[in-house]
Amino acid sequence: MRLFLSTLLLASRLVSAEDGSAAWLRYAPVTQAKNSRLLPAAIIALNSTKSSPVYTAGQELRDGIAGIFSKELNVSTQARRTSSAVIVGTLTAYTNDYGDLEDAEDLEEDGFFLSTEQDQVVIVGHNERGALYGAFEYLSRLAQGDLSPTSFISNPQAPIRWTNEWNNLDGSIERGYAGPSIFFRDGFVLENVTRAAEYARLLASIRINGIIINNVNANATLLTARNIEGLARLADAIRPYGIQLGISLNFASPRDLGGLSSFDPLDPKVDAWWMNITTQIYAKVPDMIGYLVKANSEGQPGPLTYNRTLADGANMFARAVRPYGGVVMFRAFVYDNHISPANWKADRANAQLEFFQHLDGKFDENVVVQIKYGPIDFQVREPASPLFGALHNTSTAIELQVTQEYLGHQCHLVYLAPLWKEILGSDLRADSRSSKVKDIVSGSRFKRPLGGYAGVVNVGTNSTWLGSHLAMSNLYAYGRLAWDASLESEAILQDWTRLTFGLDQEVLDTITDMSMKSWPAYENYSGNLGIQTLTDILYTHFGPNPASQDNNGWGQWTRADKASIGMDRTVKNGTGNAGHYPPEVAQIYENIETTPDNLLLWFHHVPYTQRLKSGKTVIQHFYDAHYEGADTAQAFVRQWESLKSKVDNERWNHIMFRQTFQAGHALVWRDSINQFYHNLSEIPDESKRVGNHPYRIEAEQMSLVGYKLYSVNPFHAASRHTAIVTNSNSSAGIATANITFVSGTYDVAVNYYDIIGGKARYQLEIDNRTIGKWTGNLEDKLGHAPSIYLDGHSATRITFKGVEVRHGETVRITGQPNGMEPAPIDYISFLPPGVVD
Ligand code: GCU
């Protein structure tokens, strides 16, 4: 009976796993693996303590092998000599029980040795978590049907491989798109930490070793006695996976929580306060990994308030955690968000070097300066931050963003490994020697004791973790690259795809093709040539709004005017930022001729008519790229459609919905950005597409009853700048028009706006035939940061395919407002086969 029950439980776990909760740890059956002679007969895990990662490894091997091979194995924690077993343990435990293991001599901290060559599978970790990593590696191979004998050591390139979770204590997540927090609610750590443990399991499988659980914009009340108890609960939950907990601190806590009159880092009372609170935390969480600090940035308090240096601030925390082996990650994301756009020499991109370079060597040994990959803020294209090349006597880590804050909020497919690889592979040529970012943050280039990776992930309670199944390739890739940045993006993606969707070749090829095209596509239909993403930086960072970049103190300027565009960051003429790079690289960026096209507008201010190396003008490149990128997004829909019979319905439908949304929103992006620059520069599109939409019926040109015109702001978020909204919030509006297109079969697309605060209902009819009905409820289905306005965030499209239409018929849309949503409509497109408009 027990066996029956556990089989049943396992089966149900695997079935329900298709909601995404199992992510890449599905352990789905692999048919060709079944009769393998390599199938082990027992599992020996050399540690019986339940909180030990080695014990976890034993359990994981049991579950994994049961899933993949349908074979139930016993896990023993007693060493014994037996053939055909999987033995997992630390090097010390293994050698104590089984004698020396020469092959494992070169193991380093967290590393593992895996051998499947003999009749026994040997998995040995340098430490406990290394053993668990080895077990996950073995299972990953099995789950991918790879049973070939192997024997190798794998060591991490860097000791710090953490995630940052921007979770607030009230349960919300800053820049999170997958529901509320798995750590907090209503001001406190959750009582139920099951989901946190499940997350730790996922992270352990990609060899992440630390989680900073709360937002960098930190709340001092995290440090109350009740929450410190909560931290202990969370740390206990994630410890069996070899993951250590860390927290973000609010610099002003001694004042705001402790009641002191200051938070001056050189005030002995302040120092003592931090020492004391740190001791209290370590009493409950003895293996706390350390602190993360955002100071003097975007309104956060910090040492500069007291004319102390950032190093003074960082070192205060470093002293507090040092006795416990803790690390302080001090963020380099420090800048003044009130700089004057009138000053052409001002440049936010200069801030990192200005704030940190003179402090090189002044940080304590257990401080790591955590640097965002580019000088601004997770844009679709940035050069590597020059700070990586400037700190030679300071340990550094790179901050990457898994959550797609500026890159489509997980509603657009953007596989990020190629972007990260480009930065990690950038050679900054410090002292005219190879100085790749990956070698700097690993600690090897400047011989630093610490260094590594911080990934802003922001998983939520959504079963898919990130709100989108396909976005999980980014989390997977983050862990893999943090371990070994030399891996190829495509190879990582394919491992993830096999583990997530199975071994079907067509599924593999299709997801590979879509994902590898996705970052270039997103860049094409958002901001090109290094101009930044061009999303609305003053609101939700989701839809297009290029004008939001300029004329404010945030310093994400494009300097676009009627004739020219781009930031002049040259030393010769501009902000001098190019000169922040070591000379060999500085020289490349200083000159237009040697600056790569994709960073041209990052470093140079040029006329729209400037010729690129491709021979195109800047403006024509903008137009063409936007059409190209949006076309690629349309193709993703067809590509995903082709996998219908090969992917379970639950995930297929979920992804189909998102790809369809992306295809529509890519058109919003395309038209919006093109309209904006066309309007500004007045330079026509050589291919006459921009501003020319022969397949559209503008809503404002239809006959309206109960609807009125509405000027959309920003203007370019509406076709011909105008939409319609119902006259009142209660009565339906009707818009009708005569169809003047030739009779035939069309895809009929309606562009409308889906704002929060209401769920308008729509009905589309042609003569008396109902073509479709829908509700404006994307806010429930998508999870991107919503908008209360008609703008580039809320603009969206619904398409009805293969509609028979006769010349002279009447098209009618009835919009029933709801709440504050006035059933807004922009236009209807009648698209003959193959046309996208
Ligand atoms: C961005 C982001 C903020 C975040 C900040 C940071 O500006 O929009 O939400 O707090 O980065 O990284 O500190």
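Criteria and thresholds
- Residues numbered from 1 in each chain as written.
- Predicted model: local features only at pLDDT ≥ 70, side-chain atom pairs only at ≥ 80, totals over all residues.
- Heavy atoms only, no water.
- Helix = DSSP H or I, 4+ residues; strand = E, 2+ residues; numbered from the N terminus.
- Rg over C-alpha atoms; globule rule 2.2 N^0.38 Å.
- Buried < 20%, exposed > 50% of the residue type's maximum accessible area, 1.4 Å probe, protein only.
- Contact = heavy atoms within 4.5 Å.
- Areas by Shrake-Rupley, 256 points an atom, 1.4 Å probe, with all protein chains shown as cover.
- Lys, Arg positive; Asp, Glu negative; His and termini not counted.
- Charge placed at Lys NZ, Arg CZ, Asp CG, Glu CD.
- Near = heavy atom within 4 Å.
- Polar contact = N/O pair within 3.5 Å; in protein donor to acceptor, adjacent residues only side chain to side chain.
- Nonpolar A, V, L, I, M, F, W, Y, C, P; charged D, E, K, R; others polar.
- UniProt positions renumbered as here; feature names shortened; annotations may be inferred.
- Phe/Tyr/Trp six-rings, centres within 6.5 Å; stacked < 30°, edge-to-face > 60°.
- pLDDT = per-residue confidence, 0-100.
- Salt bridge = Lys/Arg side-chain N within 4 Å of Asp/Glu carboxyl O.
- Pairing = 2+ DSSP bridges.
- Expected span 1.5 Å × (residues − 1).
- Axes fitted to C-alpha atoms, helices over the stretch in contact; angles between N-to-C directions.
- Parallel < 35°, antiparallel > 145°, perpendicular 65-115°, else oblique.
- Left-handed = near helix turned anticlockwise from the far one by under 90°.
- Domains from an automatic or database assignment.
- Buried area = accessible area lost by both parts, 1.4 Å probe.

## Topic: the overall build of the protein chain
On a plain count of helices and strands, the protein chain comes out with 21 helices and 29 strands. Relative to its length of 837 residues, the protein chain is compact, with a C-alpha radius of gyration of 28 Å against a globular reference of 28 Å. Dimensions of the protein chain, computed from C-alpha atoms along their principal axes, come out at roughly 85 × 70 × 55 Å. When burial is assessed residue by residue, the protein chain has 63% of its 837 residues classed as buried. Look at the contacts in the protein chain between residues 6 or more apart in sequence, and 74% of them connect residues 24 or more apart. Entry remark: accessible area of the protein chain is about 29500 Å², with carbon and sulfur atoms responsible for 49%. Side chains of the protein chain give 72 positive and 89 negative charges; the mean places of these two sets differ by 2 Å.

## Some details on the site of the ligand
Close to the ligand lie 13 residues, the nearest being Glu174, Lys294, Arg331, Lys372 and Glu405. One nitrogen or oxygen atom from the side chain of Glu174 is found 2.4 Å from an oxygen atom belonging to the ligand. Contact distances for the ligand include 2.6 Å between an oxygen atom and a side-chain N or O atom of Arg331. Its residues placed into classes, the shell around the ligand shows 3 nonpolar, 2 polar and 8 charged.

## Examining the UniProt feature "active site" (unreviewed entry) in the protein chain
Residues annotated in UniProt with the feature "active site" (unreviewed entry) correspond here to Glu298, Asp377 and Glu405. Mapped onto the fold, Asp377 is located in the loop between strand 14 (367-372) and helix 11 (387-390). A distance of 2.7 Å separates a polar atom in the side chain of Asp377 from a polar atom in the side chain of Lys372. Examined against the element boundaries, Glu405 turns out to sit in the loop between strand 15 (395-401) and helix 12 (417-424).

## Details of the packing of aromatic side chains
Within this structure, the stated rule accounts for 39 aromatic pairs. Seen from their ring centres, Phe741 and Phe830 are 5.2 Å apart, and the 35 degrees between their planes marks the pair as tilted. Of this pair, Phe741 sits in the loop between strand 23 (733-738) and strand 24 (744-753) while Phe830 is found in strand 29 (residues 825-831), placing the two residues 89 residues apart along the sequence. The same class applies to Phe741 and to Phe830, which are both buried. An aromatic cluster of at least three residues, connected via ring pairs, comprises Phe251, Phe263, Trp273, Trp274, Tyr291, Tyr306 and Phe317.

## Things to note about the confidence of the model for the protein chain
Taken over all residues, the pLDDT of the protein chain has a mean of 96, while the share at 70 or more is 97%. Across residues 1-17 the pLDDT falls below 50, and counting only partners more than four positions away or on other chains, this stretch makes 14 contacts in the model.

## Describing the pattern of salt bridges
Taken as a whole and judged by the stated rule, the model has 49 salt bridges. The partner of Lys646 in a salt bridge is Asp504, with the nearest N and O atoms 3.0 Å apart. With Lys646 in the loop between helix 19 (618-641) and helix 20 (649-681) and Asp504 in the loop between helix 15 (489-501) and helix 16 (505-525), the pair connects residues that are 142 residues apart, well separated along the chain. By relative accessible area, Lys646 is classed as partly exposed at 33%. On the basis of relative accessibility, which here comes to 28%, the residue Asp504 falls in the partly exposed class.

## A few points about the side chain of Glu399
Inspection of the secondary structure puts Glu399 in strand 15. Taking the relative accessible area as the measure of exposure, Glu399 reaches 1% and is therefore buried. Among the polar contacts made by the side chain of Glu399, one reaches the side chain of Arg331 at a distance of 2.7 Å. A distance of 2.6 Å separates polar atoms of two side chains, one belonging to Glu399 and the other to Gln370.

## Looking at the sheet that holds strand 2 (residues 75-76)
Strand order across the open sheet formed by 6 strands is 2-1-3-5-4-6, with mixed pairing between neighbours. With partners counted over all chains shown, the strands left at the sheet margins are strand 2 and strand 6 (151-154), one partner each. Inspection of the sheet shows strand 4 (residues 112-115) paired to strand 6 by 4 bridges, in the antiparallel sense. Among the inter-strand pairings, Ser115 is bridged to a residue of strand 6, identified as Ser151.

## Some words on helix 15
The end-to-end C-alpha distance of helix 15, which contains 13 residues, comes to 18 Å, matching closely the 18 Å that a straight helix rising 1.5 Å per residue would cover. For helix 15, the tally of buried residues reaches 10 of 13 residues, placing the bulk of the element in the interior. Burial in helix 15 covers these residues: Ser489, Ile492, Leu493, Gln494, Asp495, Trp496, Thr497, Leu499, Thr500 and Phe501. In this fold, the buried residues of helix 15 make contact with helix 4 (128-143), helix 12, helix 14 (472-483), helix 16, helix 19 and helix 20. A positive phi of about 100 degrees marks Gly502, the residue just after helix 15.

## Looking at the packing of helix 8 (residues 268-284) against helix 9 (residues 310-321)
Helix 9 packs onto helix 8 with a crossing angle of 40 degrees between their chain directions and a minimal axis gap of 9 Å. Comparing the axis directions of helix 8 and helix 9 gives the class oblique. In the crossing of helix 8 with helix 9, the sense of the turn from one axis to the other is right-handed. Residues Val270, Asp271, Trp274, Met275, Thr278 and Tyr282 of helix 8 form the contact with helix 9, whose own contacting residues are Met316, Phe317, Arg319, Ala320 and Val321.

## Re the domain arrangement of the protein chain
Taken as a whole, the protein chain is organised into domain 1 (2-154), domain 2 (160-500), domain 3 (502-548 + 611-686) and domain 4 (696-831). Each of domain 1 and domain 3 was reduced to a C-alpha centroid, and the two centroids are 41 Å apart. Contacts between domain 1 and domain 3 engage 8 residues on the former and 5 residues on the latter. It is Glu18, Asp19 and Arg26 in domain 1 that bury the most area against domain 3; as a group they hold 69% of the surface buried on that side. Across the pair Glu18 and Arg651 runs a salt bridge whose closest N-O atoms are separated by 2.6 Å.

## Let's talk about the sheet that holds strand 10 (residues 210-212)
Read around the barrel, 8 strands follow the order 7-10-11-12-13-14-15-16 and close on themselves; strand pairing throughout is parallel. Sheet twist, expressed as the mean angle between neighbouring strand axes with direction ignored, is 25 degrees. In terms of strand pairing, strand 11 (residues 244-249) meets strand 12 (residues 290-293) through 4 bridges, oriented parallel. Along strand 12, the bridge assignment pairs Leu249 with Val293. Against the sheet, helix 6 (residues 225-238) engages strand 10 and strand 11, with an angle of about 145 degrees to strand 11.

## Structural notes on the side chain of Gln659
By secondary structure assignment, the location of Gln659 is in helix 20. For Gln659, a relative accessible area of 3% gives the class buried. In contact with Gln659, not counting residues within four places along its chain, are Leu413, Leu470, Met514, Phe636, Val637 and Trp640.

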